[in-house]
Amino acid sequence: MEITNVSEYEAIAKEKLPKMVFDYYASGAEDQWTLNQNRQAFSRILFRPRILIDVSKIDMTTTVLGFKISMPIMIAPTAMQKMAHPEGEYATARAASAAGTIMTLSSWATSSVEEVASTGPGIRFFQLYVYKDRHVVAQLVRRAERAGFKAIALTVDTPRLGRREADIKNRFVLPPFLSLKNFEGLDMGKMDQANDSGLASYVAGQIDRSLSWKDVKWLQTITDLPIFVKGVITAEDARLAIQAGAAGIIVSNHGARQLDYVPATIMALEEVVKAAQGRVPVFLDGGVRRGTDVFKALALGASGIFIGRPVVFSLAAEGEAGVRKVLQMLREEFELTMALSGCRSLKEITRDHIVAEWDRPRLPPRL
């Protein structure tokens, strides 16, 4: 059966993957309310398309930190991709590069920064978790720099791991034939079996709960790479991130895997965009499955979006070809949405192209 949209990969991944692995990728925290909202909230935004505009040429290109990419659709960091497919992060890196877009490599990848760099050219960001041992963090950042990574995406919503009940039920642990490759030489690459989630125990032992804004400043003293703060969902924290020197903000609720009952990221986006006042770019992470979703995020002020689960599900289904297809389908859907909305370039996408449930009713123009 031909796959015609991104969401169809999830069912294929469910069939192919061991239950423990699929559940790890697919599940959210606690009641999974936010997990469902991340998707459903997009349906609360409708289009106001403009007609009779020459849309014979559509330009989807954009720049992020001065790097030109083919479209505002990028790859979010997702951990342990070799659980999905033997080629794991290698396949994802090649697919992103072929599509002319950015891949973000997870700290908890099953391939190292050096291995991913060896797949060939490409613009790549490195997602960073701050470990209790700061020497480990500094070493990791230096390695990412040397491997040609262009930015750090600092995850700030995980002082502790969210309660992911599927992982507790399954006693989730990284399969023994795999390791967290970036930490292999540091005796931190393996995950022990635990009474609940092996990952939750790993985080409790290794990740620094005392992380604060001063550490964002500290990070800038050890690297010249621009720092994106990933996990901001309020105006207050957007302002603090900019004060702390962030080069960009990623509006994210960690794929609804941390604190349940936070808003869907598309609902939090506009608040953060308004607080940023154009001083730094704001990106959306979470729930994007359609080109229409991409357009809605840009209309609300995002500079681009990141996709996570569609990457691991398509990777499980078809390896590199699956990830390429996801990027291609989203690209084509987004281009069609732009054409049917009367937008020929990203700068033509405005807030007037959408109407959200929370907008005040539009008054008819006075005659």
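The present account deals with the structure reproduced in this document. All figures in this text were calculated on a predicted structure; none of them were measured in a lab.

Now for helix 6 (residues 134–146). Compared with an ideal rise of 1.5 Å per residue, which puts 13 residues at 18 Å, helix 6 spans 18 Å between its outermost C-alpha atoms and is within 8% of the ideal. Residues of helix 6 that are buried sit in contact with helix 5 (113–117), strand 6 (124–128), strand 7 (151–155) and helix 9 (213–222). Its side-chain oxygen at 2.9 Å from the backbone nitrogen of His135, Asp133 defines the N-terminal cap of helix 6. Phi turns positive, to about 90°, at Gly148, one or two residues after helix 6.

Another point: the pairing of strand 10 (residues 282–285). Here strand 10 shows two buried faces, one formed by Val282 and Leu284 and the other by Phe283 and Asp285. Relative to strand 10, strand 9 (residues 248–251) is paired through three bridges, and the arrangement is parallel. Paired with Val251 across the two strands is Leu284, which belongs to strand 10. For the segment spanning strand 9, helix 11 (residues 265–276) and strand 10, crossover handedness is right-handed. Sheet topology note: the strand 10/strand 11 (residues 304–307) ladder contains three bridges and is parallel. Its bridge partner being in strand 11, Leu284 is matched across the sheet by Ile305. Between the parallel pair strand 10 and strand 11, the chain is carried across by helix 12 (residues 291–299), and the sense of this crossover is right-handed.

Now for empty space enclosed by the protein. One pass over the structure, following the stated rule, counts one cavity of 30 Å³ or more. Here the lining of the largest cavity is composed, by residue class, of three nonpolar, one polar and two charged.

Looking now at the packing of aromatic side chains. This structure, assessed with the given rule, holds 13 aromatic pairs. Taken together, a centroid distance of 5.4 Å and an interplanar angle of 85° make the contact between Phe47 and Phe295 edge-to-face. With Phe47 in strand 1 (residues 45–47) and Phe295 in helix 12, the pair connects residues that are 248 residues apart, well separated along the chain. Take Phe47: its relative accessible area is 29%, and that puts it in the partly exposed class. A relative accessible area of 0% places Phe295 in the buried class. By the ring-pair criterion, three or more aromatic residues cluster together here, those being Trp108, Tyr129, Tyr131, Phe183 and Tyr202. Across the ring face of Trp218, the terminal group of Arg134 is positioned such that the distance to the ring centre comes to 5.3 Å. Over the face of the ring belonging to Phe47 we find Lys296, whose NZ or CZ atom lies 5.3 Å from the ring centre.

At a closest axis distance of 7 Å, the pairing of helix 12 and helix 13 (residues 309–341) adopts a crossing angle of 60°. Here helix 12 lies oblique to helix 13, going by the angle between them. Where helix 12 crosses over helix 13, the two elements pack in a sense that is right-handed. Residues Gly291, Thr292, Val294, Phe295 and Leu298 of helix 12 pack against Leu330, Glu333, Phe334, Thr337, Met338 and Ser341 of helix 13.

When two helices pack together, their arrangement is given by the angle between the helix axes and the distance between those axes. Where helix 6 meets helix 9, the axes come as close as 10 Å, and the angle between the chain directions of the two elements is 50°. Of the possible angle classes, the one that applies to helix 6 and helix 9 is oblique. The handedness of the crossing between helix 6 and helix 9 comes out as right-handed. Residues Arg134, Val137, Ala138 and Val141 of helix 6 form the contact with helix 9, whose own contacting residues are Asp215, Trp218, Leu219 and Ile222. Classifying every residue of the contact of helix 6 with helix 9 gives six nonpolar, no polar and two charged.

Estimates place the volume of the largest pocket at around 670 Å³. Lining the largest pocket are 39 residues, with Tyr25, His254, Gly255, Arg257 and Arg309 sitting closest to its centre. Looking at the lining of the largest pocket, the element that brings in the most residues is helix 3 (residues 33–40), giving five residues. The residue inventory of the lining of the largest pocket, partitioned by class, reads 17 nonpolar, 14 polar and eight charged. Of the pockets and cavities examined, the second largest pocket occupies roughly 520 Å³. Along the walls of the second largest pocket sit 30 residues, with Val156, Asp157, Thr158, Pro159 and Gly231 positioned nearest its centre. Listed by contribution, the elements that provide at least two residues to the lining of the second largest pocket are helix 9 and strand 8 (227–232). Per-element tally for the lining of the second largest pocket: the top contributor is strand 8, with three residues. Its residues assigned to classes, the lining of the second largest pocket shows 14 nonpolar, nine polar and seven charged.

Rules and cut-offs
- Residues numbered from 1 in each chain as written.
- Predicted model: local features only at pLDDT ≥ 70, side-chain atom pairs only at ≥ 80, totals over all residues.
- Heavy atoms only, no water.
- Helix = DSSP H or I, 4+ residues; strand = E, 2+ residues; numbered from the N terminus.
- Expected span 1.5 Å × (residues − 1).
- Contact = heavy atoms within 4.5 Å.
- Polar contact = N/O pair within 3.5 Å; in protein donor to acceptor, adjacent residues only side chain to side chain.
- Buried < 20%, exposed > 50% of the residue type's maximum accessible area, 1.4 Å probe, protein only.
- Pairing = 2+ DSSP bridges.
- Right-handed = clockwise from strand over helix to strand, strands pointing away.
- 1 Å grid on protein atoms, 1.4 Å probe; cavity = no way out; pocket = protein on both sides within 12 Å on 5 of 7 lines; lining within 4 Å.
- Points joined across faces, edges and corners; volume = space filled by probe spheres on them.
- Nonpolar A, V, L, I, M, F, W, Y, C, P; charged D, E, K, R; others polar.
- Phe/Tyr/Trp six-rings, centres within 6.5 Å; stacked < 30°, edge-to-face > 60°.
- Lys NZ or Arg CZ within 6 Å of the ring centre and 35° of its normal.
- Axes fitted to C-alpha atoms, helices over the stretch in contact; angles between N-to-C directions.
- Parallel < 35°, antiparallel > 145°, perpendicular 65-115°, else oblique.
- Left-handed = near helix turned anticlockwise from the far one by under 90°.

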